[in-house]
Amino acid sequence: MDKKRKLEQEQSQPQQEGRVIGHDPVDKNHDNTQGDDHNCDDDNDKNENSGNNKKARIGKQEKSSKPPFNKNKSWKERNKEREQVHPGSYACAEMRTLFDISLPELDESTTESASFTATNNNNNNNNNTEDDLASSTAENNNSKLPKRKVALLLQFVGTNYSGMQINEGKRTIQAEIELALYKAGMLTKPNFGYPKKYSWSNSARTDKGVHACAQVCSVKILLPSGNLDMVREMINEQLPDDISVGDVVQVPRSFCARTQRDKVGYQYMLPSYVLKSREEWRSVWEKMVGVENDGDGETKRSEMEQQEDNDEMNAPSGGRCVMTNEQIESLREMMRGYRVTKETLDRLKKALGTYEGTHKFHNYTRGKKWDDPSSSRYIISFEVQEPLVDEHGIEWIPTVVVGQSFLLHQIRKMMCMAMDVARGATS
């Protein structure tokens with residue numbers, strides 16, 4: 001009976017305009033900004049849903065402020081609109097200003113685009129300048145060149161750079177190579193500053209000040225010539241003296257220098273005097289700073305050290321100045337003449353050999369727990385080569401580690417532990 005009464009009541013009410021199944025009626029005289037939030041229910045329902053309706057209206061107003069979604073644009077076009085120049089690239093104006101890099105075509109285009117926008121607000125009948133036509137013609141000529149993926153074999157001295165990877169506000173190897181490719185005409189202006197567009201990949205990262213003799217990177221470039229030796233020379237002409245391309249090889253489109261690397265090797269050069277034992281360093285320190293043993297196991301301080309305590313507040317760094325320039329030079333002579341013993345070198349080889357194989361290296365990095373599977377690494381070899389003496393008379397010990405991959409700070413911490421074992425500071 002209740003259903004029949006409801007049907008009779010609905011039939012007795014006049015039909016409203018704009019009635020759509022599942023939607024509330026639309027009132028033509030009502031403000032359209034409220035949209036579907038317009039409610040014709042009774043007062044009790046309004047009181048119960050007032051909070052929800054306010055939130056819904058706020059959400060509708062926020063959505064209405066956004067630009068409408070254009071269904072006709074492809075996902076590539078929408079991603080292109082969201083892309084920005086990498087802040088660590090010299091395509092970014094701030095980086096060019098920071099490192100005094102001059103690229104007139106980019107600086108002029110930035111100035112011209114700003115002035116064109118300001119002028120276009122007053123007059124929409126401006127014509128392109130001769131420079132715009134010349135730059136567009138050059139880009140069209142470059143676009144006709146074949147685009148191929150190549151692998152670059154790099155060598156560099158990293159003293160003046162903050163590592164391999166491109167980084168905002170830092171001078172990096174990758175940024176220098178990208179700039180050289182752009183100057184050589186192998187990167188177009190629309191791709192300059194967008195590493196993803198030219199499929200950049202490098203086989204390994206290096207930290208600040210680290211050098212490389214065989215770093216590999218892959219990049220998709222325009223080939224101005226089929227002679228790859230000529231391409232290599234064109235790139236080297238645009239690179240600084242401390243970066244060089246040793247070889248250029250054309251590779252398949254699927255090649256990636258990072259993922260297709262099966263192993264990576266690092267060489268650490270140790271000055272042999274760091275392997276001095278504690279007793280040797282203690283005797284050296286006693287000679288340098290004047291600490292003497294009184295025979296009872298206790299040390300007495302020299303007049304020089306006591307005087308330094310009195311002048312502590314007058315030191316340039318606010319601390320104690322223990323050694324004079326003559327003492328520092330004398331210490332250098334002692335280090336320069338040190339040669340590692342066979343027993344110490346054997347202990348270093350044995351300690352480094354224990355790292356070979358698959359182990360958990362959570363104690364040799366940071367942010368890793370013992371049960372984290374990502375802390376496991378496979379070390380193929382860790383060898384010690386014969387010591388070398390440089391032109392200054394200092395003996396160096398080359399060590400070479402080869403592995404599939406390494407954790408953050410893993411190698412330097414492995415080296416420190418092996419050094420302590422070799423000099424008898426720990427078991």
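Residues numbered from 1 in each chain as written. Predicted model: local features only at pLDDT ≥ 70, side-chain atom pairs only at ≥ 80, totals over all residues. Heavy atoms only, no water.

Visitor: Please clarify how the overall build of the chain should be interpreted in this entry.
Guide: Per the secondary structure count, the chain includes 13 helices and eleven strands. Within the chain, buried positions represent 29% of all 427 residues. Looking at the chain alone, contacts between residues at least 24 apart form 63% of all its contacts between residues at least 6 apart. Taken as a whole, the chain presents about 28,600 Å² of accessible surface, with 47% of it coming from carbon and sulfur. (Helix = DSSP H or I, 4+ residues; strand = E, 2+ residues; numbered from the N terminus. Buried < 20%, exposed > 50% of the residue type's maximum accessible area, 1.4 Å probe, protein only. Contact = heavy atoms within 4.5 Å. Areas by Shrake-Rupley, 256 points an atom, 1.4 Å probe, with all protein chains shown as cover.)

Visitor: Sorry, what's going on with the pairing of strand β3 (residues 212-222) here?
Guide: Both strand β1 (residues 147-156) and β3 contribute to a ladder of nine bridges, which runs antiparallel. Of the residues in β3, the one forming a bridge with Lys149 is Lys220. Bridge count for strand β2 (residues 201-202) against β3 is two bridges, and the pairing is antiparallel. From the neighbouring strand, Ser201 faces β3, where its bridge partner is Ser218. (Pairing = 2+ DSSP bridges.)

Visitor: Got a minute to help me understand helix α11 (residues 325-336) in this structure?
Guide: Each turn of an α-helix holds 3.6 residues, which means side chains three or four residues apart point in the same direction. In a regular helix each residue adds 1.5 Å, so twelve residues correspond to 16 Å; α11 covers 16 Å between its end C-alpha atoms and thus fits that length. Inspection of α11 places Gln327, Leu331 and Met335 among the buried residues, and these make up the whole buried set. Taken down its axis, α11 places every buried residue within 80° of arc, on the same side. Opposite the buried face of α11, at more than 90 degrees from it, the exposed residues are Asn325 and Glu326. (Expected span 1.5 Å × (residues − 1). Arc of directions from axis to C-beta.)

Visitor: Quick question: what am I supposed to make of helix α7 (residues 173-183) here?
Guide: Across the eleven residues that make up α7, a large majority, ten, are buried. Taken together, the buried positions of α7 are Ile173, Gln174, Ala175, Glu176, Ile177, Glu178, Leu179, Ala180, Leu181 and Tyr182. The backbone nitrogen of Ala175 has a side-chain oxygen 3.3 Å away, supplied by the residue at the start of α7, namely Thr172. Residue Gly185 follows α7 closely and has a positive phi angle near 80°. (Polar contact = N/O pair within 3.5 Å; in protein donor to acceptor, adjacent residues only side chain to side chain.)

Visitor: Sorry if this is basic, but what is going on with the packing of aromatic side chains here?
Guide: In this description, a pair of aromatic rings is defined by centroid distance and the angle of the planes. Scanning the entire structure with this criterion turns up seven aromatic pairs. Ring plane angle 80° and centroid distance 5.7 Å describe the contact between Tyr266 and Phe406, whose orientation is recorded as edge-to-face. Note that Tyr266 is positioned in strand β5 (residues 264-271) and Phe406 in the loop between β11 (395-403) and α13 (410-422), a separation of 140 residues in sequence. The partly exposed category is assigned to Tyr266, whose relative accessible area is 23%. An aromatic cluster is defined as three or more aromatic residues linked by ring pairs; in this entry it consists of Tyr355, Phe361, Tyr364 and Phe382. Between the NZ or CZ atom of Lys197 and the centre of the ring of Tyr194, over which it lies, the distance is 4.1 Å. The ring of Trp281 has Lys276 sitting right over it, with the charged end atom 5.9 Å from the ring centre. (Phe/Tyr/Trp six-rings, centres within 6.5 Å; stacked < 30°, edge-to-face > 60°. Lys NZ or Arg CZ within 6 Å of the ring centre and 35° of its normal.)

Visitor: What am I meant to see in the sheet that holds strand β4 (residues 243-250) here?
Guide: In sheet architecture, strand pairing relies on hydrogen bonds along the backbone and comes in two forms, parallel and antiparallel. In space, the four strands of this open sheet follow the order β2-β3-β1-β4, with antiparallel pairing throughout. On the outer flanks of this sheet lie β2 and β4, each paired with one strand and no other. The pairing of β1 with β4 spans seven bridges and is classified as antiparallel. From the neighbouring strand, Leu152 faces β4, where its bridge partner is Val248. Relative to the sheet, α7 contacts β1, β2, β3 and β4, its axis offset from that of β1 by approximately 130°. Against the sheet, helix α8 (residues 228-238) makes contact with β1, β3 and β4, and its axis sits at roughly 155° relative to β4, the strand it touches most. (Axes fitted to C-alpha atoms, helices over the stretch in contact; angles between N-to-C directions.)

Visitor: Help me understand the pattern of salt bridges in this model?
Guide: Counting across every chain of the model gives seven salt bridges. When the shortest N-O distance is used, the salt bridge between Asp372 and Lys368 registers 4.0 Å. By relative accessible area, Asp372 is classed as partly exposed at 23%. (Salt bridge = Lys/Arg side-chain N within 4 Å of Asp/Glu carboxyl O.)

Visitor: Hey, could you run me through a negative patch on the surface in this one?
Guide: Together, Asp229, Glu233, Glu237 and Asp247 give the surface a local cluster of negative charge. With three residues, the top contributor of residues to the negative patch is α8. Under the relative-accessibility criterion, Glu237 is labelled exposed at 63%. (Patch = residues over 30% accessible without salt bridge, like charges linked within 9 Å, V, L, I, M, F, W, Y side chains within 5 Å. Lys, Arg positive; Asp, Glu negative; His and termini not counted. Charge placed at Lys NZ, Arg CZ, Asp CG, Glu CD.)

Visitor: Is there a simple way to explain the environment of Gln174 in this structure?
Guide: By the element assignment, Gln174 lies in helix α7. Taking the relative accessible area as the measure of exposure, Gln174 reaches 3% and is therefore buried. Through-space distance from the C-alpha of Gln174 to that of Ser89 is 8.5 Å; in sequence the pair is 85 residues apart. The contact partners of Gln174, leaving out residues within four places of it in the chain, are Met164, Gln165, Ile166, Pro195, Trp200 and Asn202.

Visitor: Explain the nonpolar core to me, please; I cannot follow it from the model alone.
Guide: Across soluble globular proteins, nonpolar side chains have a tendency to be buried as a group. Formed by 37 residues in total, the largest nonpolar core has its most connected members in Leu152 and Ile235. Among the secondary structure elements, those contributing two or more residues to this core are β1, α7, β3, α8 and β4. Per element, the largest residue contribution to this core is seven residues, and it comes from α7. Other than its neighbours up to four places away in sequence, Ile235 contacts Leu152, Ala180, Leu181, Met186 and Val245. If you look at the next biggest cluster of nonpolar residues, it comprises 25 residues, including Ala204, Val264, Leu348 and Phe406. (Core = buried A, V, L, I, M, F, W, Y, C linked by side-chain atoms within 4.5 Å.)

Visitor: I would appreciate a short explanation of the side chain of Thr206 in the present structure.
Guide: Its location among the elements puts Thr206 in the loop between β2 and β3. Discounting residues that sit within four places of it in the chain, Thr206 has contacts with Phe156, Gly163 and Met164.

Visitor: Sorry, what's going on with the side chain of Ser381 here?
Guide: Following the sequence through the fold, Ser381 ends up in strand β9 (residues 376-384). Classification of Ser381 by relative accessible area gives buried; the value is 16%. Not counting the four nearest positions on each side in its chain, Ser381 is found in contact with Glu356, Val400, Val401 and Val402.

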